[in-house]
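This is what each chain is made of:
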Amino acid sequence: MRRLVIGGAALLGLTACGSGMQGGLGSAFSPTWQNDGGKSIGALAQRIAKAQLPVGRGLAVGVTTSGLVVIGLDGSAKWSRAGAVDARPAIAGDVVVATGGGRVFALDARTGKPFWSLSSEGRSLRGAGDDGRVTAVTLGGRGGGDSVVIAVDRSGRELLHLEAKPELGAPAVLADTVLVPWSGQYVSAVRLGSRDETARLLLRDKVTRVMQIGPHLYFGGMSLTRFDDRIDQAGANRATQAVLPTRPLPGEPRLIDDGTRVAPPVANARDSIHLYARPAADGAHFAGDRYAATYYRIAMGLAVDSGALGWVRTLPAPVLGGDAAEGGFALCDATGRVWLIGAEQGTDAGSVSLGEPVQSCVVSAGSFTVAGGKSLGSLAEQVEHAVELDDAQMVTAQGFLLERLGSLSDPVVTKVLIDLASSTRTPPALAEAARKLLAGRRSGAEYMLEALGREYDFLSDVLRPPPVAPLADALAAMDRKDAAPLLARHLNDPADSPEDIEHAARALVKLASPAELEEIRSFFSLYRATAERPPLVAAVIAAAETLLRIGGAEGEKLVRSAAADPLTRPDVRVGLDGVLPPAKTTAAESTAD
């Protein structure tokens, strides 16, 4: 096996002997390289401009306790391979690459037939690329370091083997040239059978992967930079580049995994919290102005430009991997099912199954297109379904979804918030968040009135009273006087909390009419002497204000009598003195004075 060690003193010697080779820039990964302003990478792009990469048909690979399970996104090419792997496999076009049992091997993605197998020399897979004839692979130690890039043809003949001291990322191969990212900012181009670079790319953005997306290669780290005729301008930030705006999302998901790290065969939380997006045809934008964010069992579709929430899917198990396809997304969950989701509306475009639960999952969309699918209801209904999940792990995403939901003016959103605030299935923190959002609603009054008409009824499984307080605040702000009879009845409903009663009483100060006088009088007479909690004290004083407004002389007489009665609670008496108007003085009293 041919081996070239790049590092330490050997690095300087190879730099010297290699720099004189025709078309070379010196030894691969040399730290003494001088920035050429993009000339070498631009020349390479021109030389191989007509080279074409085969586009894979779309594939999902799952890691199980016994080996690998594979299926095409169209349901075809289902196969399995026994034998443990020591790292997450990679999909390169129609080739599956993995390491395990001390070997690195490549399999035909359509049949599982081995292409080749070599000793991994104690290293594990980082990444792989394939051009239809040759597979390029980077390997490394689990703790970093000990990097190597190899290139192998279909017969198993090793065409390149370079060991390097810097951390190497996931490579690609095209037109007899292997492209390898390293040190976070460089991509070295090495001809097969050579030890020297033919070109080097300097990126101002972090790069750890060379990725094939459709027919194009992209350099990925924090963004996606396309390898095209503008790549020579990358150093000046004028290359073709697609960048997702940075937004606060649950779990701070990332778009591109670090290609310089060995991904373990068992997925972790970072695999369930991820972003998925596909560059548009121009390479400078994202297809359909849509990207997906996952948080364990919840997937969200977001607009690239505005960040607006477009759809929500709730899955039966945490997402472990996925990819953005033409027209949508393919997301693989822990049960081994790959869900196909339409990009625009989050439609259910079907699914395929790997046949058993998986420990991790890798998906490559290739040329697969997500088409059609059935609607899963309105956005409000989709959010409601996600928020109702009784899973403490989901609370962060559920709170995010509730906040986004509250910003929508659709009256149906009001109904969803009421249902969430009233349901015993809603976690307490989310029920409270729904109540707060309800207080600010200015649409959906018909749903608010209907909810106020419901009462606690154990036999009818109405286990929570309606969220009276936020409904009262919202209806008062909308000046809905038709809510007054319902709110007045809630003053005397024993199922309502003191806080709900207080807010109902405050709303009635504005909304009540003489028709509600009897309900309000009953509440005032009962609680003026028994209100112990501050919310009930405030409710009694608000009821007094309403009696003074709608009760005429009889109402004022009732309030004055209560203010003078020693049986009235002292804090209530103080409040009543504050709302009573000055007593009117008769002519006889004025003469006597």
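Here the structure is shown first, and the text comes after it.
The sections below set out a description of the structure shown in this document. Because the structure is a prediction, the values reported are computed rather than measured.

**Some points on the packing of aromatic side chains**
Reasoning step 1: According to the stated counting rule, one finds 7 aromatic pairs in the structure shown.
Reasoning step 2: Pairing phenylalanine 29 with tryptophan 182 gives two aromatic rings, centres 5.7 Å apart and planes at 75°, and the pair type is edge-to-face. Taken together, the residues span a long stretch of sequence, with phenylalanine 29 in the loop between α1 (8-18) and α2 (39-47) and tryptophan 182 in strand β14 (residues 177-182) at a distance of 153 residues.
Reasoning step 3: Classification of phenylalanine 29 by relative accessible area gives buried; the value is 2%.
Reasoning step 4: A residue is classified by how much of its surface remains accessible, and tryptophan 182, at 4% relative accessible area, is buried.
Reasoning step 5: Here the aromatic rings of tryptophan 182 and tyrosine 186 are separated by 4.9 Å at their centres, their planes lie at 35°, and the arrangement is tilted. Here tryptophan 182 and tyrosine 186 have matching classes, each one buried.

**Some words on the pairing of strand β7 (residues 103-108)**
Reasoning step 1: With 5 of 6 residues buried, β7 is to be regarded as a mostly interior element.
Reasoning step 2: Examined bridge by bridge, strand β6 (residues 95-100) and β7 share 6 bridges and lie antiparallel to one another. The partner of valine 96 across the bridge, within β7, is leucine 107.
Reasoning step 3: In textbook terms, the turn of a hairpin is the stretch between consecutive antiparallel strands, and for β7 and strand β8 (residues 114-119) this stretch comprises 5 residues, one of which, glycine 112, has a positive phi near 85°.

**Focus on the environment of alanine 553**
Reasoning step 1: Mapped onto the elements of the fold, alanine 553 is located in helix α14 (residues 552-564).
Reasoning step 2: Remark: the alpha-carbon pair of alanine 553 and leucine 255, spanning 298 residues in sequence, is separated by 70 Å.

**What about the sheet that holds strand β21 (residues 273-276)?**
Reasoning step 1: Read from one edge of the open sheet, 4 strands run β21-β22-β23-β24, paired in antiparallel fashion. At either end of the open sheet lies a strand with only one pairing partner, and these are β21 and β24 (309-314). For this sheet the average axis-to-axis angle between neighbouring strands, irrespective of direction, equals 15°.
Reasoning step 2: Helix α5 (residues 395-406) rests against β22 (290-295), β23 (298-303) and β24 of the sheet, and its axis sits at about 35° to β23.

**Digging into the state of the cysteines**
Reasoning step 1: In total, this model carries 1 disulfide according to the counting rule given.
Reasoning step 2: Sulfur-sulfur distance for the disulfide between cysteine 332 and cysteine 361 comes to 2.2 Å. On the S-S bond that ties cysteine 332 to cysteine 361, the torsion sits near 95°, and the link is right-handed. Of this pair, cysteine 332 sits in strand β26 (residues 328-333) while cysteine 361 sits in strand β29 (residues 360-364); the two residues are 29 residues apart in sequence, bridging distant segments of the chain. Both residues of the pair, cysteine 332 and cysteine 361, belong to the buried class.

Parameters and conventions
Residues numbered from 1 in each chain as written. Predicted model: local features only at pLDDT ≥ 70, side-chain atom pairs only at ≥ 80, totals over all residues. Heavy atoms only, no water. Phe/Tyr/Trp six-rings, centres within 6.5 Å; stacked < 30°, edge-to-face > 60°. Helix = DSSP H or I, 4+ residues; strand = E, 2+ residues; numbered from the N terminus. Buried < 20%, exposed > 50% of the residue type's maximum accessible area, 1.4 Å probe, protein only. Pairing = 2+ DSSP bridges. Axes fitted to C-alpha atoms, helices over the stretch in contact; angles between N-to-C directions. Contact = heavy atoms within 4.5 Å. Disulfide = S-S within 2.5 Å.

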